[in-house]
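Report on the structure
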Amino acid sequence: MNSFLGSNGAIARYLALGALMVLTACGTAQDTVSRADGIHDPYEPTNRRIHAFNKALDTNLLRPGSKRYARFVPVEFRTSISNVSENFSMPSVAVNSLLQGDLRSFGLSTARFAVNSTLGIGGIIDVYSEFGVEEVDTDFGETLYVWGVGEGTYVELPVFGPSTRRDALGRVVDIVTNPLSNTLDSPEKYYGTAAAYLTRLNDRDRFSSTIDSILYDSADSYAQARLIYLQNRRFELGDETASSGSDPYTDPYEDPYAQ
Amino acid sequence: MRSNITRRGFLAATTAASAFVALARPVLALTEAGARALINTVVTEINRVISSGKSEAAMIRDFETIFVRYGDVPIMAQYVLGNDGRRATAAQKRAFQEAFQGYISRKYGKRFREFIGGKIEVEKARQINAGYEIISTAYLRGEAPFEVTFLVSDKSGRDLFFNLFIEGVNVLLTERTEIGAMLDRRGGDIDQMIADLRRAG
């Protein structure tokens, strides 16, 4: 663990990049949500084009690929791959927990990485969850939120899908600074990427009915994906400032017609 | 003369009735226990439908019965129709409510098989403007537990749920966006939207 925290300077890299991101993102901190429904989407036309691209990608590649993956690969193997992918993300979760001042999550993710990497044979078995220990997950997008950076505009990223400016920056930082890809040699450092790719196929299959319903059964899949992503992300972060119209306590009895 | 007495009698009766209503109100008002009881009943009934082993079509019919009995469907339909409800005729509003009720039952009833072997546990309650929110956790097989929140109010005159949040996602708002998109696609034609909604979900 020393290797991913101290000696290779992962934290220093996070901090440097993070500071840069905060500087560039500061402009968005004071952004006001421009619509009553809590959605700030000034790049909607561009986002919609990217959405169309992502949808075509899903139709032609991701969805059929996930069906084949689920059909030909036994569930035990798919779960093991997902475990490996999750284990690979733990050092990053640990660093982000530390940056958020969340020592409890830092301890849990560090212990999980240590236990699953050893007893769990490189993360193939999620020993830690078998023990019933709480799972923690976080990312640099959340770190930026904790640091007070505003959500920024809604963006749909090619391949990755719905995001916000803050979360998109967070994603870049997480990818560039991933402690493991900076520690491991080739080809080990690509195992995480490969596992992450297969995990995405597996998840596409596991949540198939929800994703299909949003993408293919809706009258406006872009608007549905945007609303669901924003609400769920704000819920995850515990962010109640960004939503106004989508406020859970909006009372339809007051004026059911009010937008 | 007789009519005068009758009127007086009527006045006395209504006064007594309103006094009774005024007195009874605090007793009938929605309590946390009442809201919890309602959601416990809803959850029990849903679990019973899921474990009944009936066909999907039969389960969807049962779900619609539960939805109408314990949910404030008129307010949900009104909210989902949103701004466009202002220009809808009374007949259109009625037709929409009926179509909406079937659409929700099909859309969410279809997903019931994901709940087979799972359970929903009511956890805590919190007071909100319109009544109470009942926070529960859904445990589905092979999934991490997730939060489902029911919103309960007595503003309809009875204790009924009027919205649902799944991991922070406001189901009523999501459906309002969907109905708005359906209307946009049909150039704002409410009748056409209702006709298509009867087949959607």
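Let me sum up the structure you'll find in this document. Numbers given to residues run from 1 along each chain, matching the order in which its sequence is written. All chains are assigned letters beginning at A, and all ligands numbers beginning at 1, according to the order in which they are written. A pLDDT threshold of at least 70 governs which residues receive local features in this predicted model, and a stricter bar of 80 or more applies before side-chain atom pairs are shown or counted, although totals over entire chains, interfaces and linings include all residues. As a rule here, side-chain values cover all heavy atoms of the structure and leave hydrogens and water aside.

1. Quick word on the overall build of chain A
Helical segments are the DSSP runs of H or I of at least four residues, strand segments are the runs of E of at least two, and each set is numbered from the N terminus. Helix and strand content of chain A: twelve helices and two strands. The classification of residues rests on relative accessible area computed with a 1.4 Å probe and restricted to protein chains. Under 20% of the type maximum is buried, over 50% is exposed, and intermediate values are partly exposed. Residues counted as buried form 47% of the 259 residues belonging to chain A. Long-range pairs, those at least 24 residues apart, make up 72% of the contacts in chain A with a sequence separation of at least 6. Here the open area of atoms and residues is found with the Shrake-Rupley method and a 1.4 Å probe, where only the protein chains shown may cover a residue. By element, 61% of the accessible surface of chain A is carried by carbon and sulfur atoms, the whole surface being about 12600 Å². Whether two residues are in contact is decided by their heavy atoms: any pair within 4.5 Å suffices.

2. Points about the nonpolar core
Counting 63 residues, the largest nonpolar core has B:I39, B:F96, B:F100, B:I134, B:F161, B:M193 and B:L197 as its most contacted members. Examining the composition of this core, we find that eight residues originate from one element, helix α2 (residues 32-51) of chain B, more than from any other. With residues near it in sequence (within four places) discarded, B:F96 still touches B:A77, B:V80, B:L81, B:I179, B:M193, B:I194 and B:L197. Judged by nonpolar contacts, the second largest core, of 15 residues, contains A:L62, A:F88, A:M90 and A:L201. Remark: nonpolar core denotes a set of buried residues (Ala, Val, Leu, Ile, Met, Phe, Trp, Tyr, Cys) joined through side-chain atoms within 4.5 Å.

3. Observations regarding helix α8 (residues 165-177) of chain A
How far a helix is expected to stretch is found by multiplying one less than its residue total by 1.5 Å. The end-to-end C-alpha distance of α8(A), which contains 13 residues, comes to 18 Å, matching closely the 18 Å that a straight helix rising 1.5 Å per residue would cover. Listing the buried residues of α8(A) in full gives A:R166, A:D167, A:A168, A:L169, A:G170, A:V173, A:D174 and A:T177.

4. A few points about the interface of chain A and chain B
Across the contact, 29 residues belong to chain A and 38 residues belong to chain B. Throughout this description, the term salt bridge denotes a Lys or Arg side-chain nitrogen within 4 Å of a carboxyl oxygen of Asp or Glu. In this assembly, chain A and chain B are joined by one salt bridge. The residue B:E143 makes a salt bridge to A:R206 at a minimum N-O spacing of 3.1 Å. N or O atoms closer than or at 3.5 Å make up a polar contact, with two conditions inside protein: a donor-capable atom paired with an acceptor-capable one, and, for residues adjacent in sequence, both atoms drawn from side chains. Applying the counting rule to chain A against chain B returns eight residue pairs in polar contact (both at pLDDT 80 or more). Within the residue set of the side of chain A that touches chain B, elements represented by two or more residues are α11 (208-216) and α12 (221-237) of chain A. With seven residues, α12(A) is the single largest residue contributor to the side of chain A that touches chain B. Three residue categories are used. Nonpolar comprises Ala, Val, Leu, Ile, Met, Phe, Trp, Tyr, Cys and Pro, charged comprises Asp, Glu, Lys and Arg, and polar comprises the others, including Gly. Of the residues in the side of chain A that touches chain B, the class split is 13 nonpolar, nine polar and seven charged.

5. Some words on helix α4 (residues 73-81) of chain B
Residue and element names in this part refer to chain B. With seven of its nine residues buried, α4 lies for the most part within the structure. What α4 keeps buried is the set V73, I75, M76, A77, Y79, V80 and L81. In the segment just after α4, G82 is the residue with positive phi, at about 60 degrees.

6. Points about the packing of α4(B) against helix α5 (residues 90-109) of chain B
Residues and elements named next belong to chain B. It is the contact of α4 with α5, at a shortest axis distance of 9 Å, that shows an interaxial angle of 100 degrees. As the angle between them shows, α4 and α5 are arranged roughly perpendicular. In this structure, α4 contributes V73, P74, M76, A77, V80 and L81 to the contact, and α5 contributes F96, Q97, F100 and Q101. Grouping the amino acids of the contact of α4 with α5 by side-chain chemistry returns eight nonpolar, two polar and no charged. Structural elements are reduced to axes, namely lines fitted to C-alpha atoms, with helices fitted over the stretch in contact, and the angle between N-to-C directions of any two is expressed from 0 to 180 degrees. The cut-offs work like this: below 35 degrees is roughly parallel, past 145 is roughly antiparallel, 65 to 115 is roughly perpendicular, and the gaps in between are oblique.

7. Side note on the pairing of strand β2 (residues 161-164) of chain A
Residues and elements named next belong to chain A. Alignment of strand β1 (residues 154-157) against β2, held across four bridges, turns out to be antiparallel. Bridge pairing links V155 to S163 in β2. Here a strand pair is declared whenever DSSP counts at least two bridges between the two strands. In this structure, the hairpin formed by β1 and β2 is closed by a connection of three residues, where V159 is found at a positive phi of approximately 70 degrees.

8. Here we look at the sheet that holds strand β1 (residues 119-128) of chain B
Strand pairing in a sheet is mediated by backbone hydrogen bonds. Such pairs are either parallel or antiparallel. Taken together, five strands build an open sheet; the order of strands is β1-β2-β3-β4-β5 (chain B) and the sheet is antiparallel. Strand pairing shows two members of the sheet lacking a second neighbour, β1 and β5 (169-170) of chain B, which therefore form its edges.

9. Quick word on the environment of B:G102
The residue B:G102 is located in helix α5 in this model. On a C-alpha basis, the gap between B:G102 and B:R61 in space is 8.7 Å, while along the polypeptide they are 41 residues apart.

10. With respect to the environment of A:H51
All names here are of chain A. Structurally, H51 is set in helix α3 (residues 44-72). Not counting residues within four places of it along the chain, the set of residues in contact with H51 comprises E156, L215, S221, Y222 and A225. A polar atom in the side chain of H51 sits 2.8 Å from the side chain of S221.

11. Some thoughts on the packing of helix α3 (residues 56-70) of chain B against α5(B)
All names here are of chain B. The contact between α3 and α5 brings their axes to 9 Å, and the two run at 125 degrees. The pairing of α3 with α5 is recorded here as oblique in orientation. Between α3 and α5 lies a crossing whose hand is right-handed. Of the residues in α5, those touching α3 at I60, F63, E64, F67 and V68 are F100, Q101, G102, I104, S105, R106, Y108 and G109. A class-by-class count of the residues in the contact of α3 with α5 yields seven nonpolar, four polar and two charged. By definition, turning the near helix anticlockwise from the far helix through less than a right angle yields a left-handed crossing, and turning it clockwise yields a right-handed one.

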